[in-house]
Each structure stands twice: as structure tokens, then as C-alpha cells.
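As a plain string of letters, each chain reads:
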Amino acid sequence: MASVSISDLVAWTKIGFGNEKATPLYYAPALKLNDEEVTDIVFPEGITSISKYVFQHWKNLKSVVIGNSITSIGEGAFQYCPNLESVTIGSSVNSVGQYAFRGCTGMQNLTIGNSVNSIGDQTFYNCGDLRSIVVVKGNSKYDSRENCNALIETATDKLLLGCRNTVIPEGIKTIAANAYRGCKGLSYVNIPNSVTNITGNGSTNSSFGGSDLKEVEFHCGGISDWLFNEQTSLEKVTLGCEVTSIATYAFKGCTNMSTIVSYIQEPFAFGFNAFNFNNVYNTCKLIVPAGTKDAYIAKGWTESIFKGGIEEADPNSFAVADQTVSRGTTVTIPVEMNNVDVITALQFDVVLPEGITWSKCTLTDRKDDHTPSAKKQTDGSYRVVTISMTDGTFSGTSGAVANLVLNVDENLLAGLYKVDIQNIKLTTEDGDEVHPLDVSATLSVTDVVLGDTNGDGNITITDAVMVISHVLGNDPDGFVSNAADMNDSGDITITDAVAIIKIVLNGNSSSAKMREMEEDALDPQ
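Reading the values: rules and limits
Residues numbered from 1 in each chain as written. Predicted model: local features only at pLDDT ≥ 70, side-chain atom pairs only at ≥ 80, totals over all residues. Heavy atoms only, no water. Salt bridge = Lys/Arg side-chain N within 4 Å of Asp/Glu carboxyl O. Helix = DSSP H or I, 4+ residues; strand = E, 2+ residues; numbered from the N terminus. Core = buried A, V, L, I, M, F, W, Y, C linked by side-chain atoms within 4.5 Å. Buried < 20%, exposed > 50% of the residue type's maximum accessible area, 1.4 Å probe, protein only. Contact = heavy atoms within 4.5 Å. 1 Å grid on protein atoms, 1.4 Å probe; cavity = no way out; pocket = protein on both sides within 12 Å on 5 of 7 lines; lining within 4 Å. Points joined across faces, edges and corners; volume = space filled by probe spheres on them. Expected span 1.5 Å × (residues − 1). Arc of directions from axis to C-beta. Nonpolar A, V, L, I, M, F, W, Y, C, P; charged D, E, K, R; others polar. Patch = residues over 30% accessible without salt bridge, like charges linked within 9 Å, V, L, I, M, F, W, Y side chains within 5 Å. Areas by Shrake-Rupley, 256 points an atom, 1.4 Å probe, with all protein chains shown as cover. Lys, Arg positive; Asp, Glu negative; His and termini not counted. Charge placed at Lys NZ, Arg CZ, Asp CG, Glu CD. Pairing = 2+ DSSP bridges. Axes fitted to C-alpha atoms, helices over the stretch in contact; angles between N-to-C directions. Phe/Tyr/Trp six-rings, centres within 6.5 Å; stacked < 30°, edge-to-face > 60°. Lys NZ or Arg CZ within 6 Å of the ring centre and 35° of its normal.

Visitor: Looking at this structure, I do not really get the pattern of salt bridges. What am I missing?
Guide: Any two side chains of opposite charge can pair, so long as their charged atoms come close to each other. Under the counting rule described, the total for this entry stands at nine salt bridges. As a salt-bridge pair, arginine 145 and aspartate 157 come within 2.9 Å of each other at their nearest N and O atoms. Placement of the pair is arginine 145 in the loop between strand S13 (142-143) and strand S14 (151-153) and aspartate 157 in the loop between S14 and strand S15 (158-161), with a sequence separation of twelve residues. Linking glutamate 311 and lysine 285 is a salt bridge whose minimum nitrogen-to-oxygen distance equals 4.0 Å. Here the residue glutamate 311 occupies a position in strand S25 (residues 310-312), and lysine 285 occupies one in strand S24 (residues 285-288), the gap between them amounting to 26 residues.

Visitor: Is there a simple way to explain the nonpolar core in this structure?
Guide: Soluble, globular proteins show a tendency: their nonpolar side chains are buried together. Formed by 47 residues in total, the largest nonpolar core has its most connected members in Phe43, Phe55, Ile73, Phe78, Ile89, Phe101 and Phe124. If you list the elements that add at least two residues to this core, you get strand S1 (3-6), helix H1 (9-13), strand S6 (63-66), strand S8 (86-89), strand S10 (109-112) and strand S12 (132-135). Each residue touching phenylalanine 101, except ones within four places of it in the same chain, is listed here: Ile66, Ile73, Phe78, Gln79, Leu84, Val87, Ile89, Val96, Met107, Thr123, Phe124 and Cys127.

Visitor: In this structure, what is going on with helix H3 (residues 461-471)? I would like to understand it.
Guide: Note that an α-helix has 3.6 residues per turn; residues three or four places apart therefore point the same way. Restricting attention to buried positions, one finds in H3 the residues Asp463, Ala464, Met466, Val467 and Ser469. Trailing H3 by a residue or two, glycine 473 shows a phi angle of about 100°, which is positive.

Visitor: Looking at this structure, how should I read the layout of surface pockets?
Guide: If a probe the size of a water molecule is rolled over the atoms, the empty space left behind becomes visible. Within this model, the second largest pocket holds a volume of roughly 900 Å³. Lining the second largest pocket are 33 residues, and of these Glu146, Val167, Asp322, Thr324 and Ser444 lie nearest its centre. Elements supplying a minimum of two residues to the lining of the second largest pocket: strand S17 (188-191), strand S27 (323-326) and strand S36 (439-446). Of the residues forming the lining of the second largest pocket, the biggest block, four residues, is contributed by S27.

Visitor: Is there a simple way to explain helix H4 (residues 494-505) in this structure?
Guide: The end-to-end C-alpha separation of H4 is 17 Å, in line with the 16 Å expected for twelve residues at 1.5 Å each. Among the residues of H4, those classed as buried are Asp496, Ala497, Ala499, Ile500 and Ile503. Seen end-on, H4 carries its buried residues on one side only, within an arc spanning 160°. Of the residues flanking the end of H4, it is glycine 507, one or two places downstream, whose phi is positive at about 70°.

Visitor: Is there a simple way to explain empty space enclosed by the protein in this structure?
Guide: Scanning the entire structure with this criterion turns up one cavity of 30 Å³ or more. In this model, the largest cavity occupies a volume close to 50 Å³. Along the walls of the largest cavity sit Phe124, Asn126, Cys127, Gly128, Leu161, Gly162, Asn178, Ala179, Tyr180, Arg181 and Cys183, which together make up its complete lining. Of the residues belonging to the lining of the largest cavity, the class tally is six nonpolar, four polar and one charged.

Visitor: Just to check I follow, could you spell out a negative patch on the surface for this structure?
Guide: Judged by side-chain charge, Asp391, Glu429, Asp430 and Asp432 come together as a negatively charged surface patch. By the secondary structure assignment, aspartate 391 is in the loop between strand S32 (382-387) and strand S33 (400-408). Looking at aspartate 391, the relative accessible area reads 53%, which means it is exposed.

Visitor: Mind showing me how you'd approach a nonpolar patch on the surface here?
Guide: A cluster of nonpolar residues, Ile468, Leu472, Ile494 and Val498, forms a patch on the protein surface that exposes about 360 Å² of accessible area. Within the secondary structure, valine 498 is located in helix H4.

Visitor: Looking at this structure, I do not really get the sheet that holds strand S19 (residues 215-218). What am I missing?
Guide: The strands making up a sheet associate through backbone hydrogen bonding, with each pair oriented either parallel or antiparallel. Pairing within the open sheet is parallel, and its six strands lie in the order S17-S19-S21-S23-S24-S25. Each edge of the sheet is formed by a strand with only one pairing partner; in this case those strands are S17 and S25. Averaged over neighbouring strand pairs, the angle between their axes works out to 15° when direction is ignored. Summarising the sheet, S24 and S25 pair through three bridges and their orientation is parallel.

Visitor: Would you take a moment to explain the packing of aromatic side chains for this structure?
Guide: To describe a pair of aromatic rings, one takes the distance between the centres and the angle between the planes. Enumeration according to the criterion identifies 27 aromatic pairs in this entry. Centre to centre, the rings of tryptophan 226 and tyrosine 249 are 4.5 Å apart; their planes meet at 50°, and the pair counts as tilted. You can see tryptophan 226 sitting in the loop between strand S20 (222-223) and strand S21 (236-239) and its partner tyrosine 249 sitting in the loop between strand S22 (245-246) and strand S23 (259-262), a full 23 residues away along the chain. Tyrosine 249 gets classed as buried once you look at its relative accessible area, which sits at 18%. Put simply, the rings of Tyr180, Phe208, Phe218, Phe228, Phe251, Phe268, Phe270, Phe275, Phe277, Tyr296, Trp301 and Phe306 touch in pairs and so form one group of aromatic residues. For the cation-ring pair, arginine 102 lies above tyrosine 99, with the distance from its terminal atom to the ring centre recorded as 4.0 Å. Over the ring of tyrosine 188 we find lysine 418; its NZ or CZ atom is 4.7 Å from the centre of that ring.

Listed below in C-alpha cells is the structure:
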């Protein structure tokens, strides 16, 4: 059967099929309405509910807008529509039944209206290609706070659904079963200190089951048993200083694990077989804080487990901070150097993701007569070298030593993009070479234009007035808070209003102008 032909969409939508094989779309990829194939559907007036299983297995369906008079979406209504890319659940919808969009493996964009107050079990199970998750503001049951690209149950701070671009906000307590089920392109997850419960891979409904997660960073207290059991995609784990326990089989069977970096200052004994990688050829390396190797070995972190060896991190370190940026702008990333030794020269490689391009590297006032040079390498990274021809030294022992100036492509999809600083080499005043740990900054690219606080596409004095109103404690209608934090400080103050006024007075209503002003202020040359 090549297609299913109907003449009345309203009547078809009201049919309740008993199971997934009862609908003709199980056997045909296409649906025709009055002899015209339909691939994108906007439901008309006259439909109050979408019956269960009615559109499941519709292989040629690409997008769905569910609004107007529809108040409920039935069980399994759109499950297993593999090419469904975009779903908009409008403000009229109150409930979404279980399995409604299960197995829509091509879904990329999901918008949930502000009236949805019930979402069934496994509604978005195995929607592994998701990149954008938005809950419309004003929803009393669910949210996607801080533009985190996740579906969160507000009252419980429970992350129900994540995607490759999710930033788990501080304050989240639970990562639900199947939250990242089958998630593709999941290169990195940062688990904040507030998280106390994650469903592990010992369960068939594990939080990260079936995903291709490559790197995870923990800042929560305990790592539960079986958490990443048999997570063969996992290559690197960072254990923050906040980690206090690692339970049984936490990383068992992670056959491709290559590096574990621990910032735990006082190591503890971990659970049985927590690091049994089930691979006799595995050469995972453990990197621990300076001066703690013996303490780790005494607690059972031995080279019989970490066959790649146990190394102590150099006491000199680099640091870069995560940032939120807009598409089509320039971003400046300060590179901090916290040094125990006196440093005369430095070298490092900058690895950029697709859509983020190199502009330049500048030095801060910690320099002497150092000059920065940068050149693209054959692997696509940019090597930065700074040296003083008079053997001058960098001043101080902490703070930014350089600024990376990067361009964000205007067509880049909103999401998370990692900028890695690798192969760091520092030269001390004694002529020795030391090697701090690699570091990375995550750029959260949004569709928001900095300064456009009312979302009208322009930056005017009205935007500054809205910031002032917000600072005074009001809740101005339509206020876009992410567009108001001009200096990316995490707080909206009168300084942000001043920054917007400066853009208006300079006759440039684009956020790129703000980035240029920041760049000029940071460039001492």
C-alpha cells in the first residue's frame, strides 16, 4: 500500500484505533487529503481532541502544529513517525497522552504551550534527534527555565526530557528515567551540584540509556550505582571536588573510557567494580590533584584499574568560563592562568566547533613585552604562542592572561558548542616546561539578540526602559531576560541598561556592536 486517502481530516482525527497495527498508516507511508499528499499539518477548527494511534507510523509526516480548539492528544497519536521534525503543541492543549510522540526519531524542534498540564509516560521516548525544547512562558506545570532546552516539571525540579543542546540548570534535583533516551549528538553533559537522583543503566529506563554520550562532568555529591553501566560511548569523566561517593558498577563496562580527571582533594574508597571497564585492552588514564597520588592509591585507585597510569596534575592551571551568546555576534573568552611558577612564555591550541570561527587573540595587562602569534594548524585548531624577546615574565599569579575573540555564525543553530584549549605548555623562568590540564568553555548559542529586551527585533530606548523597570522590581510584559544581561554577569542591573543606551546613542541596533565595544575594552594593544 503506497498511501491512505481521506476526504475529511476532522472525521479521520476522531477515529480511535485499538492498537498500532489497526491504523492503515502502519502499512502505508503517505496520507492524502482530497488526492493531495500531506506532509505538514495544521489542524483546523472543529477538532477538540486527537484520537489515540490515529496518525502513528505516518512515515512522510514532517511537521505538526496542534492548536485552535484541540485540548487533548491521545495515546500514541503520532508515535513512530520517523521523519516528523517539528512539533508545536499550542496554547489550547491541556493534556498529551502517553506514547503520543514515542519513537519520532527525526524530531528536532519541540514547543509546548502554556496550558499543557499533563504529559503521559514515555510521551517523547526515544526522540533522539531533538535539538530544541521550548516550554512557552506562563505554563504553571512545566518550564524550560534559563533557555535550557529541556522539559522540566516545575514543582519538583525534575528534568523530564533533555536533548543534545540541554544545559542542566542549577537547582534541578532529579533527571528522570529515559530523559535522554536514544539521544544522538550528545557530546557533553554537566551535572550540577543540586542533582540528587539519576536513573542508572542498571534499569531498562535509565536516564541516559541508548544515548551516545561521550563526556560527563559531575558536580553532584554522589554517583549512584549502575549509573553508566555499559555506556560504551563514554570516553571522558570529570569528577568535581563536590563528589563524595561513587557507588557499585557506576562505570562498569565503559569499554572506551580513556580519561578520568578528578578534582577530589580527599579521595575515598569507591563501590565494588565501579571502574571495571570490561576491556582488557583499556588504557584509561587517571589524573588527580597535585600531591594526592599516594592518597588515591591507598584508597584503591590503582594502576591495575587505570592501566593508562595515574598522573598528578600540574599545580599551574588554566580556566575559561562558559558563556551565553547570540548568533551573528562576536564573543570574547578570557583565558585565566593561575600559576605557582613564574611564567615567561606560553603555548596552547584552540579547538573550535563548526560555526564558531577564529578572529584573534589578545593579551591582558599581565604581559610584559610579550607578543601573541596564532596560526591555523593542519588539524583545524589554532595554535597560540606568546613570547617575550627580552625574557620578560607574566605578572601576578592569577587572572586573565589572554582573550580569545571568536565569531559566531549568524546561521548557527541554537545549542551548546564547546571551545577546547588543549596541549597547554608553559615555560618557567628556570627554563622548565610545565603542562596544565586541558580546559574548555561551553558556548550556549541562543536566538536571543542581546539588548532586544522586548523581542521586537530592534534595540531602542524602550529596551533600556524595560531593564530599568525590571531592576526596580516590576515584571514588564514581554520582557526577555536573556537579552538583558549585556555583560553576561548572570545578574541584570542598571549597568545593562547603560550598555543598551550606549548602543542606541552610537546608532547601532545590533548586539554585534556591543561585542565590538567589549572587544575594544579588553584589547590593550
